[in-house]
Amino acid sequence: MKLLEKLAIGYLIGTGLLTLQMFLYSLLGIKFNLWGIILPWVVVLVGFVGAPFMGARIRAVGTPLVGVRNLRTGTSPVPTFLLTAAIGLKVLYVFYEALVKPVVGWDALWNFSLRAKIFYFLGGIPLDRAHPYFLGGGMKQYPLHLPLLETFTYILQGGWNDALMKVIFPLYFLSMLIVFYYALRREQSRLTSLFFTFLLSTLPLLVYHATIEYADFVVGAYFLAAVVYLYQFIKTKDTKMLILSAVLAALSAWVKDEGMVFYFIGLFLLVIPILSANKYAVKFKREFILVLYYLAPFLVLIGPWIIFKQVFGLSVGNEPTFSLAGMISGFTFHPETIPKVLEKMFLSGNWHLLFGLWALVIIFYYKQIFTTEKKYLFWSTALAILFFSFLYVFTYNWTMVFSGIIVNRNFLTLVPQVLLLCGLVYKEGKTDVGNADRAPTGARSAKSKKAHK
Amino acid sequence: MSDLWAELFQVEPLLPRTVNNITGPLLNGNPVIIIIYLLVGLFIAGYAYVLWFKYKLNWEKVGRAGIMALLLFWIILEIIRSFSYLAYFSEDRDKFGGKTLAQKRSQVPPVGFYSFVEFVHSQVPRSAPVSVRMDLDQYSGMMWNYYAAPLNQTAEADAEYIIGINVEPIAGAELFVQTYWVAKR
């Protein structure tokens, strides 16, 4: 893994662990203060990780990317430069737009940033039900990652500057681009990887959300990274990748409740091949341990939050109260939402031509997808879409499909993966034309030889 | 014709609902994307036909050509979109650039609201129970809660301070804070 990728993943995991630490402090009644929060990390970094990390970093600079084979090299520097410049410009734009103005988003004003401000001024999370700002007000059942991270930026600044606070969102955007680029770069040339990263940086709704204070694209950054490293594990069988994926998937549930579903999508993709392929108990045992590796981060990182929600009787999602019985009795059937969702996917300006590209890639490259590990990338996205579609068709959420509130923001969580699959399957022209032209001839001659025999 | 060009390159305004949806470029009121899909579809069909008729049909080759065409249109859409980005950049630079945090907050509609909040904070101790008399729209109400927090808001009977504000639209423009006051009981 390259240093830049480590930094991007470090931002995702580091911010997640930091806010979990702040949550723990509040449970223990410890008031927030800068040194109280960062000192444990300084000790951990310097004492245990620092020296080996530095050594590994120096070694990593000169090492090639894992899995890069037979890629065309020596591409012209001009397109590379142009694409890098285009991505850089978009990143600069996102930083500027985020930092130039204070909090303006609706959900931020009544929920995320409101809670952050209260946590900052009260020095912790109010856990007394009688407190007028119990759990910071807003949507009390929403996970606390984003409000706590915003609080941390205030603590770091030593004041309530909600324009500077917004730096966390462009940093998530940048981390997402970096993780995306390296996920491609392990299999594609630099030019193709840059080109698809450029395409990611052009998705209009994603760019807009990177400049405001909402959680949808943030959970998407975690989901993307979790899927990227799960895919990497499936390809390389490197257990470290599985643990990394599990940690990122678990943290996505700390950002938004949908993250819980994304985590279980990852678990499903891990378990199904094991259950279907293994006939031997010994191998099954080994792979059962892998499942435990995947479960452990969720239990450790998100378990306390789930228990906390149970203790305080907090609901899930937007519902003030949630129960399985209530959910079943509230089932509806609204198939008329499906055309509306398709319209949002294919005909709106949110994603440029992303879903058209996805459709073409699935139609014309289905073999490359469904006969290789890339099928897991397809299924992670498809299952997420199925989950959201279930909500739209069978639950009260159908009204929000028609009011235009829900679909695009839900899809923000999965669009990077849609593009990732396209980028990984896409083949560059020249080399591939040659192969494609040769393949049928070769096949024919092999056939004719057989027939001749 | 020039109307069509103007419509195509029209800057999409940033509205509260932009957070949920971006319409994208339009032609005659319809999404340009429809036309693009139609053109790409025709191109794919035509290319497949030519390959099938004159050479040897290779679906992977057809697919790649279709994808290339789609990506070309994607870049065109992004060029069109960049006009909106330029407009947002200029607008925000003029509105917020080089200003203090308090000035920036004052620029967020309803205009003048943050001056009112600052006035309240200068008059009311943070822990004092306060009650507010105001008839605000939903956004201004959220804005009040955000900026006032963690002010101790309570029922008027229990309040030590009473705060009043009058927010009105002016000349069809953004909401504007007309008057405000703080009274100690």
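A brief structural summary. (Residues numbered from 1 in each chain as written. Chains lettered and ligands numbered in written order. Predicted model: local features only at pLDDT ≥ 70, side-chain atom pairs only at ≥ 80, totals over all residues. Heavy atoms only, no water.)

### Considerations on the overall build of chain B
Here is step 1 of the chain: Helix and strand counts for chain B come out as 6 helices and 6 strands.
Here is step 2 of the chain: When the helices and strands of chain B are listed from N to C terminus, the series reads α-β-β-α-α-α-α-β-α-β-β-β.
Here is step 3 of the chain: Over its C-alpha atoms chain B spans a radius of gyration of 27 Å, topping by over 25% the 16 Å that the globule rule assigns to 185 residues.
Here is step 4 of the chain: Based on the C-alpha atoms only, the size of chain B along its principal axes is roughly 90 × 35 × 30 Å.
Here is step 5 of the chain: Here the contacts in chain B between residues at least 6 apart in sequence split such that 55% fall between residues at least 24 apart.
Here is step 6 of the chain: Taken together, the 15 basic and 16 acidic charged side chains of chain B have centroids lying 10 Å from each other. (Helix = DSSP H or I, 4+ residues; strand = E, 2+ residues; numbered from the N terminus. Rg over C-alpha atoms; globule rule 2.2 N^0.38 Å. Contact = heavy atoms within 4.5 Å. Lys, Arg positive; Asp, Glu negative; His and termini not counted. Charge placed at Lys NZ, Arg CZ, Asp CG, Glu CD.)

### A short note on the interface of chain A and chain B
Here is step 1 of the chain: Counting residues at the interface gives 69 residues for chain A and 61 residues for chain B.
Here is step 2 of the chain: Carbon and sulfur atoms supply 67% of the area buried between chain A and chain B, which totals about 5600 Å² over both sides.
Here is step 3 of the chain: Of all residues in chain A, Trp106, Leu353 and Phe364 of chain A bury the most surface against chain B, accounting for 14% of the area lost on that side.
Here is step 4 of the chain: Where chain A packs against chain B, one counts 3 salt bridges.
Here is step 5 of the chain: Residues Lys101 of chain A and Asp92 of chain B are paired through a salt bridge, measuring 2.8 Å at the closest nitrogen-oxygen approach.
Here is step 6 of the chain: For the interface between chain A and chain B, the tally reads 22 residue pairs in polar contact (both at pLDDT 80 or more).
Here is step 7 of the chain: Elements with a contribution of two residues or more to the side of chain A that touches chain B: α3 (77-100), α4 (106-122), α7 (190-200), α8 (204-209), α14 (337-346), α15 (354-364), α19 (407-411) and α21 (429-452) of chain A.
Here is step 8 of the chain: Top contributing element to the side of chain A that touches chain B by residue count: α4 of chain A, with 9 residues.
Here is step 9 of the chain: The class makeup of the residues in the side of chain A that touches chain B is 45 nonpolar, 13 polar and 11 charged. (Buried area = accessible area lost by both parts, 1.4 Å probe. Salt bridge = Lys/Arg side-chain N within 4 Å of Asp/Glu carboxyl O. Polar contact = N/O pair within 3.5 Å; in protein donor to acceptor, adjacent residues only side chain to side chain. Nonpolar A, V, L, I, M, F, W, Y, C, P; charged D, E, K, R; others polar.)

### Concerning helix α20 (residues 415-425) of chain A
Here is step 1 of the chain: Of all 11 residues in α20 of chain A, 11 are buried; the element is thus mostly enclosed.
Here is step 2 of the chain: All buried positions along α20 of chain A are accounted for by Val415, Pro416, Gln417, Val418, Leu419, Leu420, Leu421, Cys422, Gly423, Leu424 and Val425 of chain A. (Buried < 20%, exposed > 50% of the residue type's maximum accessible area, 1.4 Å probe, protein only.)

### Quick look at the pairing of strand β3 (residues 129-134) of chain B
Residue and element names in this part refer to chain B.
Here is step 1 of the chain: The pairing of β3 with strand β4 (residues 152-153) spans 2 bridges and is classified as parallel. Paired with Val130 across the two strands is Gln153, which belongs to β4.
Here is step 2 of the chain: In this fold, the crossover linking β3 to β4 by way of helix α6 (residues 138-148) has right-handed handedness. (Pairing = 2+ DSSP bridges. Right-handed = clockwise from strand over helix to strand, strands pointing away.)

### Details of unusual backbone geometry
Here is step 1 of the chain: The omega torsion of the bond from Ala149 of chain B to Pro150 of chain B falls at 0 degrees, within 30 degrees of zero and hence cis.
Here is step 2 of the chain: You can see Pro150 of chain B is positioned in the loop between α6 and β4.
Here is step 3 of the chain: With phi around 60 degrees, Lys237 of chain A is a residue other than glycine that occupies positive phi space.
Here is step 4 of the chain: Since its relative accessible area comes to 55%, Lys237 of chain A is described here as exposed.

### So, the nonpolar core
Residue and element names in this part refer to chain A.
Here is step 1 of the chain: In terms of nonpolar packing, the biggest core is built from 197 residues, with Phe196, Phe217, Leu248, Leu357 and Phe411 touching the most fellow members.
Here is step 2 of the chain: The biggest single contributor to this core is helix α9 (residues 216-236), with 16 residues.
Here is step 3 of the chain: Apart from the residues lying within four places of it in its own chain, the contact partners of Phe411 are Val341, Met345, Trp351, Phe355, Ile385 and Tyr392. (Core = buried A, V, L, I, M, F, W, Y, C linked by side-chain atoms within 4.5 Å.)

### Some details on the pattern of salt bridges
All names here are of chain A.
Here is step 1 of the chain: What the rule picks out here adds up to 16 salt bridges over all chains.
Here is step 2 of the chain: Two residues, Glu5 and Arg186, come together in a salt bridge whose shortest N-O distance is 2.9 Å. With a gap of 181 residues between them, Glu5 in helix α1 (residues 3-27) and Arg186 in the loop between α6 (168-185) and α7 connect regions that are remote in the sequence.
Here is step 3 of the chain: Taking relative accessible area as the criterion, Glu5 reaches 0% and is therefore assigned buried.
Here is step 4 of the chain: Residue classification places Arg186 among the buried positions, given a relative accessible area of 6%.
Here is step 5 of the chain: The closest approach of N and O atoms between Lys309 and Asp257, which form a salt bridge, is 3.3 Å. In this pair, Lys309 sits in helix α12 (residues 281-311) while Asp257 sits in the loop between α10 (239-255) and α11 (258-277), placing the two residues 52 residues apart along the sequence. Considered together, Lys309 and Asp257 belong to a single accessibility category, that of buried residues.

### Thoughts on the environment of Trp144 of chain B
Residues and elements named next belong to chain B.
Here is step 1 of the chain: Residue position: Trp144 is located in helix α6.
Here is step 2 of the chain: Judged by its relative accessible area of 3%, Trp144 falls in the buried class.
Here is step 3 of the chain: Along the backbone, Trp144 and Ala155 are 11 residues apart, and their C-alpha atoms lie at a distance of 16 Å.
Here is step 4 of the chain: Here Trp144 is in contact with Phe113, Phe116, Val120, Val132, Met134, Leu136, Leu151, Gln153 and Ile163, once residues within four sequence places are set aside.

Treat this as a map of the structure, not an account of what it does.
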